[in-house]
Every structure is written in C-alpha cells, then in structure tokens.
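# Working through the structure, step by step
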Amino acid sequence: MINNNRKIGIGLTAFGAAFLFLGVLLLFDRGLLALGNMLFLSGITLLIGARKTVRFFLRPGKLRGTVCFLGGIAMVLWGWAFVGMLVEVFGIFNLFGNFFPIVFAFLRNMPIIGPILNLPGISRVVDKLSGGGGLPMYNERTD
C-alpha cells in the first residue's frame, strides 16, 4: 500500500521531470528548469524519506554525482541554464546510472514501448546505455 506522502512524491517527481523536459524544450528556460529541479528534489524526498535521501546523496561512491547534480542546479538558479543542465545531466548519470538497466528492462516489457525498444538499431543503443545486453556472464575459476 502506498501512503499519501509517496503518492505526493510520485506526483512531484513526475511534474519535476515534466518541467525539466519543458525547460529544455523551450530553449533552456531558466524558470521552468529551476521549478523542475525543486519539484524533482522535493518529490524524491517525499518518495523515499528525508533520511534516506540524505544518505543516498552523501554516499562516498556517489559524491561526484551529488556535487555535479547540486552544482548544476545552482548554476541554473544563477542564470547559466545551458551549462548548468549539462553539469546536472552528468550528475544524474553518475547518481542514477545503476537504475537504467532496471528501467530499460521494465520498458521493454511494456506493450507499446517494448516493441520499439526491441527494434534492431534501437536495441543496440538501449543495450549500450543499460551496460550491456542480456544476462550477465560470470567467469568462475576452478583452481
């Protein structure tokens, strides 16, 4: 069962992503990008909780992504929208890169998007983005 905070968090995260998309689509509109960033961060916080959010962003392995993500948000707020979004996207890939294989596997099983992602040319790109294709292969040594 999803409680009300998580429902609101899902909505805020979705609206944040939509405002970020619109901000990029409308030639890096500073207001839309700033609003999208704030909605996205507040949505993530409501979705997983404040302590888990702080723990996620302050993990030692994700510190470079956190600095880039928050630095990109600061650059957008200060008016450097294009450069800030480039830095922010780099931070997003560093922070959430482990989730991409899971997301692509989920999208490949959806009715309309799945067949599109399984087309020959697109499938190779999706496999590259998700870190390889198919099941992981393990080389076990028998010394």
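Let me begin by describing the structure that accompanies this report.

The rules behind the values
- Residues numbered from 1 in each chain as written.
- Predicted model: local features only at pLDDT ≥ 70, side-chain atom pairs only at ≥ 80, totals over all residues.
- Heavy atoms only, no water.
- Helix = DSSP H or I, 4+ residues; strand = E, 2+ residues; numbered from the N terminus.
- Buried < 20%, exposed > 50% of the residue type's maximum accessible area, 1.4 Å probe, protein only.
- Contact = heavy atoms within 4.5 Å.
- Salt bridge = Lys/Arg side-chain N within 4 Å of Asp/Glu carboxyl O.
- Arc of directions from axis to C-beta.
- Axes fitted to C-alpha atoms, helices over the stretch in contact; angles between N-to-C directions.
- Parallel < 35°, antiparallel > 145°, perpendicular 65-115°, else oblique.
- Left-handed = near helix turned anticlockwise from the far one by under 90°.
- Nonpolar A, V, L, I, M, F, W, Y, C, P; charged D, E, K, R; others polar.
- 1 Å grid on protein atoms, 1.4 Å probe; cavity = no way out; pocket = protein on both sides within 12 Å on 5 of 7 lines; lining within 4 Å.
- Points joined across faces, edges and corners; volume = space filled by probe spheres on them.
- Phe/Tyr/Trp six-rings, centres within 6.5 Å; stacked < 30°, edge-to-face > 60°.

### Quick word on the environment of Val87
Mapped onto the elements, Val87 comes out in helix 5 (residues 81–96). For Val87, a relative accessible area of 27% corresponds to the partly exposed category. C-alpha separation for the pair Val87 and Gly72, spaced 15 residues apart in sequence, amounts to 5.0 Å. Ignoring any residue separated from it by four or fewer positions in sequence, one finds Val87 in contact with Cys68, Gly72 and Met75.

### Re the pattern of salt bridges
Scanning the model with the defined rule gives one salt bridge in all. A salt bridge links Arg108 to Asp127, with the shortest nitrogen-to-oxygen separation between them at 2.9 Å. Of this pair, Arg108 sits in helix 6 (residues 100–108) while Asp127 sits in helix 8 (residues 120–129); the two residues are 19 residues apart in sequence, bridging distant segments of the chain. Given a relative accessible area of 22%, Arg108 falls into the partly exposed group.

### Observations regarding helix 8
Of all the residues in helix 8, the buried ones are Ser123, Val126 and Asp127. Looking down the long axis of helix 8, one finds its buried residues gathered within 100° of arc, a one-sided arrangement. Structural note: helix 8 exposes Arg124, Lys128 and Leu129 on the side pointing more than 90 degrees away from its buried face. Where helix 8 is buried, its residues contact helix 6 and helix 7 (113–117). After helix 8 finishes, the residue Gly131 shows a positive phi value of roughly 90°.

### Considering the environment of Gly71
Within the secondary structure, Gly71 sits in helix 4 (residues 63–77). Judged by relative accessible area, Gly71 falls into the partly exposed class, the value being 26%.

### Brief notes about the packing of helix 1 (residues 4–25) against helix 2 (residues 30–48)
Two numbers describe how helix 1 lies on helix 2: the axes approach to 7 Å, and their chain directions differ by 155°. If you check the angle between helix 1 and helix 2, you find them roughly antiparallel. The handedness of the crossing between helix 1 and helix 2 comes out as left-handed. Looking at the contact of helix 1 with helix 2 residue by residue, the classes come out as 16 nonpolar, nine polar and one charged.

### Observations concerning the layout of surface pockets
By volume, the largest pocket amounts to about 710 Å³. If you trace the largest pocket, you find 21 residues lining it, with Thr13, Phe40, Ile44, Ile92 and Phe96 closest to the centre. For the lining of the largest pocket, the secondary-structure elements that each account for two or more residues are helix 1, helix 2, helix 3 (50–57), helix 5 and helix 6. The class makeup of the residues in the lining of the largest pocket is 16 nonpolar, one polar and four charged.

### As for the packing of aromatic side chains
Taken as a whole, this structure holds nine aromatic pairs when the rule is applied. With a centroid separation of 6.2 Å and an interplanar angle of 35°, the aromatic rings of Phe96 and Phe99 are classed as tilted. Taking relative accessible area as the criterion, Phe96 reaches 14% and is therefore assigned buried. Phe99 sits in the partly exposed class, given a relative accessible area of 42%. Through pairs of rings, three or more aromatic residues link up here, namely Phe40, Phe56, Phe57, Phe69, Phe96 and Phe99.

### Focus on the packing of helix 2 against helix 4
For the pair helix 2 and helix 4, the least separation of the axes is 9 Å and the interaxial angle reads 145°. Handedness of the helix 2/helix 4 crossing: left-handed. Residue-level contacts link Arg30, Leu33, Ala34, Asn37, Met38, Phe40 and Leu41 of helix 2 to Phe69, Leu70, Ile73, Val76 and Leu77 of helix 4. When its residues are assigned to classes, the contact of helix 2 with helix 4 shows ten nonpolar, one polar and one charged.

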